[in-house]
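Residues per chain are reported as follows:
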Amino acid sequence: MTTLRQNRVCRSLFSQYDPHLLDIYKAEMAYGIERFFLLSYCLACCWPALSFGAKNNLRIVKQWSELEFRFPSDEAKQRALENRYYVPGSSVPIDVDVHHRSGGQMSRIFISNPRFDEGRPVTLGTVDEDGLISGYPDYSWHDNQGHNCNGMTSVFRVAIDRCSRLWVMDAGKIGENQVCPPQLLAFDLNSDRLIYRHVVNASNYIATSLFINPVVDVRGEDPNDCSDTFVYVADVSGFGMLIVDVINDRSWRATHNLMYAYPNRGTFTIDGETFDLMDGILGMALSPYSYGQDRFLYFHALASTVENVVRTSVLRNDSLISNSNVNRYAINAFPEERPNQSAAEAMDSNGILYFGLMEPPGIFCWNSATEYSPRNFHQISINKETLQFASGMKIVKNRKGEEELWIMTCSFQRVMTGSLSSDRVNFRIHAEKLPILLKKSACSMPPSENSIGYHAERISPDIPYYHFRYGAVSYL
Ligand SMILES: *[C@@H]1O[C@H](CO)[C@@H](O)[C@H](O)[C@H]1NC(C)=O
Ligand SMILES: *[C@@H]1O[C@H](CO)[C@@H](O)[C@H](O)[C@H]1NC(C)=O
Ligand SMILES: *[C@@H]1O[C@H](CO)[C@@H](O)[C@H](O)[C@H]1NC(C)=O
């Protein structure tokens, strides 16, 4: 990037930022701290979040007080405003994912903007250098909200897999209204073409269902083998899971008590603001894959302090088509609990789990070769202001093969209490390479006698052979 262009980009970025941070950034540049990302605009404009206290190693890549969008034309923008497809200030991004590309192509940052309500002009977009959001793959997919079931209706979270595919879970709802059936889409990120669409059959969701978080399980002998793909999706308010078997293009539902919210964990206090939210299963993370082996899916409900684990072979069993109740004993909770609630989580290729915590507002790690216990939770970063409500979290591999942690924080308490205002920063994307975050971290030094998944293995019976019968209201 030329200096001129760099200055222009930085000016436009910094115009949104707090002058205090800008001074710190300038001071750091003066010391020549150049631990920057591959993204060229990051080279120009990111700074270590040292500015928020020495413990915070995550860097802020983007931040907004309010999302702004690129429309294909002024007429399109005008029409969106008139139809209330666009209500400035109402958008709330909750997820982030990144695709690093080879050659001269810039890496792309994707964010989701679910339609909790009207006024969100695009529900999935890419972020440009100026922080503006453009609809992905183009605006036509997002226009005519509620009337375009071939487009996208409401996307909460996405997942990019190792095969350069972007998996998009469209919940099909605007607010409470199921205006389109839920659908799972996949795009080839090299061509930006749609390569897969699975419209969820009515037997696999209920009136309260909301599909908010897809996790992709790609197996195969070699990295180019992408055919064996399953997608597991959290149904946050239907208290279940959707399992999509991609190669056979079919899906089913799984339900279990541990996917529900806990009433005594339904109250959240963040930055002095309190709200109630009885959300069930939300955070999900998949254990690393070794060829021919089973994988664990870790998950938790938002209104909970409990972490659960299930063998994916249980979820992949298509006998769930005839009975969605998972055997009681096949999904298990770790005996010890988190000190507080958590939204997003993700696991790296070494079996280290990263998760956000509401209080203290921060990001923590836990090595799955140790017991799931607060004793083995280690701090990655704590920040009362910038790390409020980590709603989206991804492990991303860069072109050098290094893993990076990417996080979206969205100060969700302001959304819930109606205190969102455009005079302060509400939404932030944070990132850092894992080797930097884990330097000297106890998470990277598990006991040598234990392997990845040690505790999950211990609480999960090999074959859920126990006989168990589910009750139903009609029995009473
Ligand atoms: C789709 O859903 C309908 C209505 O719930 C059900 O009757 C039908 O069997 C389902 N089809 C498949 C393939 O699951
Ligand atoms: C699938 O689930 C059924 C019912 O629980 C069970 O009988 C069967 O053994 C399972 N199949 C496999 C391959 O685990
Ligand atoms: C979260 O932490 C706060 C402060 O310690 C505490 O008051 C609250 O009860 C905790 N919430 C849960 C669900 O444990």
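If you're wondering where the values come from, they're calculated on a predicted model, not measured in any experiment.

## Observations concerning the overall build of the chain
Helices and strands together make up the secondary structure of the chain, namely eight helices and 30 strands. Residue burial in the chain is summarised as follows: out of 476 residues, 46% are buried. Partitioning the intrachain contacts of the chain with sequence separation of at least 6 by distance along the chain shows that 57% fall at a separation of at least 24.

## What about the site of ligand 3?
Every residue lining ligand 3 is accounted for by Arg265, Thr305, Asn340, Gln341 and Glu359. For the shell around ligand 3, a count of residues per class yields no nonpolar, three polar and two charged.

## Side note on the nonpolar core
One finds Tyr232, Met241, Leu297 and Tyr354 to be the most contacted residues of the largest nonpolar core, which totals 122 residues. If we ignore the near neighbours within four places in the chain, the residues touching tyrosine 232 are Val215, Asp217, Met241, Ile243, Met284, Leu297 and Leu315.

## Brief notes about the sheet that holds strand β17 (residues 250-255)
In space, the four strands of this open sheet follow the order β14-β15-β16-β17, with antiparallel pairing throughout. Each end of this open sheet is capped by a strand with a single partner; those strands are β14 (211-219) and β17. Averaged over all pairs of adjacent strands, the angle between strand axes in this sheet comes to 20 degrees, irrespective of strand direction. With six bridges joining them, strand β16 (residues 240-245) and β17 adopt antiparallel strand pairing. Its bridge partner being in β17, aspartate 245 is matched across the sheet by arginine 250.

## Thoughts on the environment of arginine 311
Assignment of secondary structure puts arginine 311 in strand β22 (residues 308-311). Arginine 311 sits in the buried class, given 24 other C-beta atoms within 10 Å. The sequence separation of arginine 311 and leucine 286 amounts to 25 residues, and the corresponding C-alpha distance is 9.9 Å. With sequence-adjacent residues up to four places away left out, arginine 311 is seen in contact with Asp294, Phe296 and Ser460.

Calculation rules
- Residues numbered from 1 in each chain as written.
- Chains lettered and ligands numbered in written order.
- Predicted model: local features only at pLDDT ≥ 70, side-chain atom pairs only at ≥ 80, totals over all residues.
- Helix = DSSP H or I, 4+ residues; strand = E, 2+ residues; numbered from the N terminus.
- Buried ≥ 20, exposed ≤ 12 C-beta atoms within 10 Å, placed from the backbone.
- Contact = placed C-beta atoms within 7 Å.
- Near = placed C-beta within 6 Å.
- Nonpolar A, V, L, I, M, F, W, Y, C, P; charged D, E, K, R; others polar.
- Core = buried A, V, L, I, M, F, W, Y, C linked by C-beta atoms within 7 Å.
- Pairing = 2+ DSSP bridges.
- Axes fitted to C-alpha atoms, helices over the stretch in contact; angles between N-to-C directions.

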